[in-house]
Number of protein chains: 2
Amino acid sequence: MLEKLIKAAKGEVKADVVLKNASYIDVFSGKISKGDIAIVGEKIVGTGNYDGETEIDCTGLTVLPGYIDGHVHIESSQLSPEEFASLIVPRGTTTIIADPHEITNVCGMDGCEYISRASENIPLDVKLQLPSCVPATPFETSGARLDGGEISKHIKKDYIFGLGEFMNYPGVINCDRDVIKKLEAAHAEGKIIDGHAPAVYGKELNAYLCGGITTDHECVTKEEIEEKVSKGMYIHIRHGSSTQNLGNAKFINAHNSRRFILCTDDRHAADLKEKGHIDDALRRLVKDGLDPVTAVTCATLNCAECYNLKWRGAIAPFWFADLVVVDGLKNFNALYVLKDGKLVAKDGKALFDTSKRYLPKTVLNTVHLKELCADDFKISIKGNKVKAMTIEPGGVVTGCEIVEVKNEDGDINVKGTDLLKLAVVERHKMTGNIGKAIFKGYGLKGGAMGITIAHDSHNVILLGDDNAAMAKAANKLKEIGGGMVLVETGGETHYLTLDVAGLMSSCDAENLQSYSRAIIEQAHGMGVKREYEAFMSLAFLSLAVIPRLKILDTGLFDVEKFAFTALEAE
Amino acid sequence: MLEKLIKAAKGEVKADVVLKNASYIDVFSGKISKGDIAIVGEKIVGTGNYDGETEIDCTGLTVLPGYIDGHVHIESSQLSPEEFASLIVPRGTTTIIADPHEITNVCGMDGCEYISRASENIPLDVKLQLPSCVPATPFETSGARLDGGEISKHIKKDYIFGLGEFMNYPGVINCDRDVIKKLEAAHAEGKIIDGHAPAVYGKELNAYLCGGITTDHECVTKEEIEEKVSKGMYIHIRHGSSTQNLGNAKFINAHNSRRFILCTDDRHAADLKEKGHIDDALRRLVKDGLDPVTAVTCATLNCAECYNLKWRGAIAPFWFADLVVVDGLKNFNALYVLKDGKLVAKDGKALFDTSKRYLPKTVLNTVHLKELCADDFKISIKGNKVKAMTIEPGGVVTGCEIVEVKNEDGDINVKGTDLLKLAVVERHKMTGNIGKAIFKGYGLKGGAMGITIAHDSHNVILLGDDNAAMAKAANKLKEIGGGMVLVETGGETHYLTLDVAGLMSSCDAENLQSYSRAIIEQAHGMGVKREYEAFMSLAFLSLAVIPRLKILDTGLFDVEKFAFTALEAE
């Protein structure tokens, strides 16, 4: 194998592929060079003047190393890994550090294994982090539990690259025994541990880092970034759909530059398709004034160094030929993408087939519910005052407002008010748990809606002004194996299937998006205010690590007190 | 274990050791910070404000990460690993990438194993590279041969860190089958390969790099350095006793800085003791204008990144407490050195005991000779003209001069002339091989001298104007198991024992130096010109990879023609 590379490097034999007359970014020297780039098999063999069996004219174009997304939850795209790849590879991303936290909360290690196997036949390196915090809190019912013992067992697996974002930073700082066991297991295997420690400073940060944690994608302020860089963390510049911190780039300087890397964390299919992936981050960063070569270095070599991805992230002899040919360093439009030396996308279109998707039974039919009826959604209280949840448009932090309700026939009647019933129905273990709450200001009228994406345990979240419609929505979600449902009282039922763990669709990206647009429009048609993301805003109402009032399958939860609370106000 | 670190990081329990009120270099941000540095066990747990069981007042002092020597042959110090450590650790070096190329040429894998085991009980990380080119040329008789098969076997060993400098760059570029086997074996184990490719450019460099080679310590010109950096190599800035390229530092800039690392390659004990080790390089680099924080970063984090030494090379929580406390960034005088959290040197003195040195039989008694007599050194020629070798003072390149000799009684008589007899006696396999030559201009009169250091096969090199004295010198070297010998015709015999492989001394550094100074002085007393390093200049007369005329145990060798040549001139 080496022999062939060496002979082609010398020019004694033709290279397999040559990118002719290219400008290319030299991330080592921080400059743009000119010449041909010769490729044999999966490797670059040389830069200079070369002939190839196949030649791609790159006159006027710029070649960059393939982008590396340092932290991403594929599930947030609602797409299978194959279809996810079909959107991001044509944008120039050739490696991702994927944390299958969501699907693992539903399916346990079957979820990890699914992502791993589904990624085997796509031209994208998927480095899989073992989710470290499943479930995210001990207060709710999730589909799986990876305690220290489980983590110790699974972290040894070859397909597991490292330990995913350690969100339970209080657990680290407080030396929770099970947390320590997880961290020590990862170190014993020499595997990297990703971090997640928003607004942790000083000695608490030192304590968190003594867990042996390498990265952070949550920081945004100058003070926090500077301290974390000084203490050895790699800082992710995040370009998600909702959560972004591209502004972190303004703290890059000549000395600390190598410690900044790019990621997307959570990015919707629509954004991937319409705006892009890491390429969009680069476009934005350069527009905001970051030197393009520095920006590209963050997205390539720096990330490869952080995750010890040997021979990836640069254009040099013996490095893997993961390459993106762009029209320039302003628009970053990818004209060609090569992965391990093979041309895998051209003019923004994937050249690989994703029609045969891996779809094991282990991740299907994950909505385990008893048949529900209208009475299951009755809310019995003594008085007529309750704590109503609210949510700001575009946010994930919820509020709490004391409201008066109509207490009729042993139930709260919300019809004709600005209030709705909110329920979280446990869907993993058939416990029959239903947590109930009152939600204010969302706008839905005359029916119910439901979704099986509900961070992080992904139970069924239902919203409605009609108990029977809510039951019908839940039963429909069970029938279709998860997704989104909209039930008009006395009328039609609309739905979108997310058959993979109730989180992702097994269909193709194109279809998913058109179905998705349709049902969202129908929800707005039933009154959901346009300032909300009709279904996805609901998915954060059960996330018990973000203030203030949340609803779990086990009941109403006051995040600030970190304890359950009564629905009825005193 | 983590629990203790975390609790101390939080300040809940006292740290083991705290460096109080320090300035310290933050290699991530490129700045100097202030605070206490707290240590528990072998790790730093935090920077800030801490109390410790032991506290070291660092007011007015600066703390740096322990230095890493990226490429060194311990044998060049003529000291055991233990004694080598006793000189360099107090200077601030805490990790070395050691290539035991010399001892392996004599003892084979026993030599590697000796260095490894002798390094086990010293407070210095010795990362051992498997010598890649043993023997250095196929033309001479060495003590060992590591072909592709041997390399494939030994590279798998746990104590082997990587593959040592691949000096046989023509072999890589020309796809020599055995060379390819060695390279592929290292890649199969995921082990790093060090480079050595002086003045290799363009497609030949591409070809060399397609061997998967990471570093180069031979380059010196702007053009060569820039090309090698661009093509992904780490560039060593070398501070050896003879070979230095500190000037490479002037090609460091903000973009390429992370690709420069420091090394010493070959450094004599006297320089280590009197001038220093990496600390001396830093002193010189800063004096020459390099930013001190950049210089320290090259000697620490950069080198750790190059060799993937996880959690080494910086001062941050969870990083190993390899630390040097210096008086300032001008003089770099090390007042304290900590290795893995333990104080191991103070005020330039080692605090560890090196009196019990590991000394296995496998590396002793390596001078295998039949008893030699005066007649063995007769040189029979037909005419009276021969090719005489010459050497420039301070250099290793030899010259060739045609000289007239006295051809008397079937021998060349050099007495009373400016000529000397030079002989290389094979000492590994008892072949009886003696290569003979004539050497001009060295100055020795009335006797003979000999040494068992003779690069790279380390046969016995003898020089003299008296056949009987030469035989006596050889026999003495056999008797003492290697070293340096000086025989006065009809007078005394002086010697220095290098009992370990005939290359290194098992005695302590102090004694070795005083013996060494004495015998060198005696050699000059016998006429060896003071512009030569009396014994060590001889050690390069057999190095058949450096021009022009060399003497091997197998005969006189013309390096430019890469072939043997007759002694007698036409």
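All figures in this text were calculated on a predicted structure; none of them were measured in a lab.

The rules behind the values
Residues numbered from 1 in each chain as written. Chains lettered and ligands numbered in written order. Predicted model: local features only at pLDDT ≥ 70, side-chain atom pairs only at ≥ 80, totals over all residues. Heavy atoms only, no water. Pairing = 2+ DSSP bridges. Helix = DSSP H or I, 4+ residues; strand = E, 2+ residues; numbered from the N terminus. Buried < 20%, exposed > 50% of the residue type's maximum accessible area, 1.4 Å probe, protein only. Contact = heavy atoms within 4.5 Å. Axes fitted to C-alpha atoms, helices over the stretch in contact; angles between N-to-C directions. Parallel < 35°, antiparallel > 145°, perpendicular 65-115°, else oblique. Left-handed = near helix turned anticlockwise from the far one by under 90°. Least-squares fit on C-alpha atoms with pLDDT ≥ 70 in both. Lys, Arg positive; Asp, Glu negative; His and termini not counted. Salt bridge = Lys/Arg side-chain N within 4 Å of Asp/Glu carboxyl O. Polar contact = N/O pair within 3.5 Å; in protein donor to acceptor, adjacent residues only side chain to side chain.

A. Seen up close, the sheet that holds strand E29 (residues 555-558) of chain A. Residue and element names in this part refer to chain A. Taken in spatial order, the three strands make up an open sheet running E28-E29-E30, and their pairing is antiparallel. Two strands close off the open sheet at either side, each with one partner strand: strand E28 (549-552) and strand E30 (563-564). Sheet topology places E29 next to E30; two bridges connect them, and they run antiparallel. Note on E30: the bridge partner recorded for Asp 558 is Ala 563.

B. Seen up close, the side chain of Asp 271 of chain B. Residue and element names in this part refer to chain B. Topologically, Asp 271 is positioned in helix H10 (residues 269-274). Judged by relative accessible area, Asp 271 falls into the buried class, the value being 12%. In this structure, Asp 271 is in contact with Ser 241 and Gly 276, ignoring residues within four places of it in sequence.

C. Focus on the packing of helix H11 (residues 278-287) of chain A against helix H12 (residues 292-306) of chain A. Residues and elements named next belong to chain A. Following both chains from N to C, one finds H11 and H12 inclined at 150 degrees, their axes separated by 9 Å at the closest point. Classified by the angle between their axes, H11 and H12 sit roughly antiparallel to one another. As for the relative orientation of H11 and H12, their crossing is right-handed in sense. Every residue of H12 that contacts H11 at Ile 278, Leu 282 and Val 286 is listed here: Pro 292, Ala 295, Val 296 and Ala 299.

D. Structural view of the pairing of strand E5 (residues 62-65) of chain B. Residue and element names in this part refer to chain B. With burial as the criterion, each face of E5 is covered, one bearing Thr 62 and Leu 64 and the other bearing Val 63 and Pro 65. As paired elements, strand E1 (residues 15-26) and E5 share two bridges and run parallel to each other. When the bridges of E5 are listed, Ser 23 appears paired with Thr 62.

E. Structural detail: the relation of the copies chain B and chain A. The transform that puts chain B on chain A rotates by 180 degrees and translates by 0.0 Å along the axis, for an RMSD of 0.1 Å. Between the two chains, the operation in question is that of a two-fold axis. If distances are taken from each C-alpha of chain B to the rotation axis, the shortest is found for Ala 254 of chain B, at 2.7 Å. A symmetric contact is evident, with 100% of the interface residues of chain B recurring at the interface of chain A.

F. View of the side chain of Asp 26 of chain B. Position of Asp 26 of chain B relative to the elements: it lies in strand E1. At 4.6 Å, Lys 31 of chain B is the nearest oppositely charged side chain to Asp 26 of chain B, a buried residue that forms no salt bridge. Within the structure, Asp 26 of chain B has its side chain in polar contact with the side chain of Ser 29 of chain B (distance 2.7 Å). Beyond its immediate sequence surroundings of up to four residues, Asp 26 of chain B is in contact with Ser 230 of chain A together with Lys 31 and Ser 33 of chain B.

G. Local environment of helix H1 (residues 2-10) of chain A. Of all the residues in H1 of chain A, the buried ones are Leu 2, Leu 5, Ile 6, Ala 8, Ala 9 and Lys 10 of chain A. Just beyond H1 of chain A, the residue with positive phi is Gly 11 of chain A, at close to 90 degrees.

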